[in-house]
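Chain residues, written in single-letter form:
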Amino acid sequence: MKSGYIICTRCKGNGFLRVPYKAAREEVTVKCDLCDSQGEIPEGLEEEATEETESIQ
Ligand SMILES: [Zn+2]
């Protein structure tokens, strides 16, 4: 991992997010838009750990 970077707080370093089955009706993974699928993000960009619900922007 590059210095100044941390594990992506949204995807936990996977680079992808799993869409809840009940929302997608099937197992779906989507690219993590926080880290752009890199699995790591610049320090300071991390998100607060909030509720699990995804906010659609
Ligand atoms: Zn990510």
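Residues numbered from 1 in each chain as written. Predicted model: local features only at pLDDT ≥ 70, side-chain atom pairs only at ≥ 80, totals over all residues. Heavy atoms only, no water.

Participant: Hey, could you run me through the overall build of the chain in this one?
Facilitator: When helices and strands are counted, the chain shows 1 helix and 4 strands. Expressed as a percentage of contacts within the chain between residues at least 6 apart in sequence, the contacts between residues at least 24 apart total 52%. Taken as a whole, the chain presents about 4,800 Å² of accessible surface, with 48% of it coming from carbon and sulfur. (Helix = DSSP H or I, 4+ residues; strand = E, 2+ residues; numbered from the N terminus. Contact = heavy atoms within 4.5 Å. Areas by Shrake-Rupley, 256 points an atom, 1.4 Å probe, with all protein chains shown as cover.)

Participant: Hey, could you run me through the pattern of salt bridges in this one?
Facilitator: If charged atoms from side chains of opposite charge come close, those side chains can pair. Enumeration over the complete set of coordinates arrives at 2 salt bridges. Asp33 is the partner of Arg10 in a salt bridge, and the nearest nitrogen-oxygen pair spans 2.2 Å. One end of the pair, Arg10, is in the loop between strand 1 (5–7) and strand 2 (16–19); the other, Asp33, is in the loop between strand 3 (28–31) and strand 4 (40–42), with 23 residues separating them in the sequence. Classification of Asp33 as exposed rests on a relative accessible area of 57%. The partner of Lys31 in a salt bridge is Asp36, and the shortest N-O contact between them spans 3.0 Å. With relative accessibility at 51%, the residue Lys31 sits in the exposed group. (Salt bridge = Lys/Arg side-chain N within 4 Å of Asp/Glu carboxyl O. Buried < 20%, exposed > 50% of the residue type's maximum accessible area, 1.4 Å probe, protein only.)

Participant: Whenever I open this one, the coordination of the zinc ion confuses me. Can you help?
Facilitator: Angles at a metal have ideal values that depend on geometry: 109.5 degrees with four tetrahedral donors, 90 or 180 degrees with six octahedral donors. Surrounding the zinc ion are the protein donor atoms Cys8 (SG), Cys11 (SG), Cys32 (SG) and Cys35 (SG), at 2.3 Å. For the zinc ion, the 4 donor atoms in the first shell make angles of 103 to 115° at the metal, a pattern classed as tetrahedral. Spacing between the donor residues of the zinc ion along the chain follows C-x2-C-x20-C-x2-C. A residue pair is termed long-range when its members are at least 10 positions apart, and Cys11 in the loop between strand 1 and strand 2 and Cys32 in the loop between strand 3 and strand 4 qualify at 21 residues. You'll find Cys11 and Cys32 in the same group, each marked buried. (Donors = N, O, S within 2.8 Å, 3.2 Å for Na, K, Ca; no water. Tetrahedral: all angles 85-135°; square planar, octahedral: opposite > 155°, others 65-115°.)

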